[in-house]
Amino acid sequence: MDIKKELLDILNDPLLDGARPFAKPITADDRIMQKISEIKEWIAQNGREPQKDGGLKEKLMYASLTTLKKKGLWT
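Computed from a prediction, not measured in an experiment: that's the story for all the values here. (Residues numbered from 1 in each chain as written. Predicted model: local features only at pLDDT ≥ 70, side-chain atom pairs only at ≥ 80, totals over all residues. Heavy atoms only, no water.)

Undergrad: Explain the overall build of the chain to me, please; I cannot follow it from the model alone.
TA: When helices and strands are tallied, the chain shows three helices and zero strands. Mapped from its N terminus to its C terminus, the chain presents α and β elements in the order α-α-α. Its C-alpha radius of gyration of 23 Å places the chain more than 25% over the 11 Å reference for a compact globule of 75 residues. Expressed as lengths along the three principal axes of its C-alpha atoms, the size of the chain is roughly 70 × 25 × 20 Å. Here the chain, with 75 residues, has 15% of them falling under the buried criterion. Considering only intrachain contacts with a sequence separation of at least 6, the fraction spanning at least 24 residues in the chain is 32%. (Helix = DSSP H or I, 4+ residues; strand = E, 2+ residues; numbered from the N terminus. Rg over C-alpha atoms; globule rule 2.2 N^0.38 Å. Buried < 20%, exposed > 50% of the residue type's maximum accessible area, 1.4 Å probe, protein only. Contact = heavy atoms within 4.5 Å.)

Okay, structure coming up:
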């Protein structure tokens, strides 16, 4: 019994052609970094921080920015 050959035969099976590894789960740190990037991009496009009285997207950015500031993640 040749384990390496059997393993290669299994991995080369056409039934596994579409198999892909699971995506890495998004962590809380990943979400925070994504939100910071979104806010920085919004500021770059608009030339100012999001305001409480703006449109829906701006209000959401404002709420996220306020939370980041309270947690000390935004200076």
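Undergrad: I keep staring at the nonpolar core and nothing clicks. Help me out?
TA: The nonpolar side chains of a soluble globular protein tend to be buried, and buried together. Formed by Ile36, Ile39, Trp42, Met61, Leu65, Leu68 and Trp74, the largest nonpolar core amounts to seven residues. Counting only elements with at least two residues in this core, the list comes to helix H2 (28-46) and helix H3 (56-70). Apart from the residues lying within four places of it in its own chain, the contact partners of Trp42 are Arg48, Glu49, Pro50, Lys57, Glu58 and Met61. (Core = buried A, V, L, I, M, F, W, Y, C linked by side-chain atoms within 4.5 Å.)

Undergrad: Help me out: how do you make sense of the side chain of Ser64 in this one?
TA: Mapped onto the elements of the fold, Ser64 is located in helix H3. Residue contacts for Ser64: discarding those within four places in its chain leaves Lys35 and Ile39.

Undergrad: Mind showing me how you'd approach the packing of H2 against H3 here?
TA: When two helices pack together, their arrangement is captured by the angle between the axes and the distance separating the axes. Interaxial distance between H2 and H3 falls to 10 Å at its minimum, and their mutual angle equals 125 degrees. Relative to H3, H2 is oriented oblique. For the crossing formed where H2 meets H3, the hand is left-handed. Counting all contacts with H2, which are made through Ile32, Lys35, Ile36, Glu38, Ile39 and Trp42, the residues of H3 involved are Lys57, Glu58, Met61, Ser64, Leu65 and Leu68. By residue class, the composition of the contact of H2 with H3 is seven nonpolar, one polar and four charged. (Axes fitted to C-alpha atoms, helices over the stretch in contact; angles between N-to-C directions. Parallel < 35°, antiparallel > 145°, perpendicular 65-115°, else oblique. Left-handed = near helix turned anticlockwise from the far one by under 90°. Nonpolar A, V, L, I, M, F, W, Y, C, P; charged D, E, K, R; others polar.)

Undergrad: Got a minute to help me understand the environment of Lys5 in this structure?
TA: Note that Lys5 resides in helix H1 (residues 3-11). Residue Lys5 is classed as partly exposed on the basis of its relative accessible area, which comes to 47%.

Undergrad: Mind showing me how you'd approach the side chain of Glu58 here?
TA: Summarising the element assignment, Glu58 is placed in helix H3. The residues touching Glu58, leaving out its near neighbours within four places in the chain, are Trp42, Arg48, Glu49, Pro50 and Gln51.

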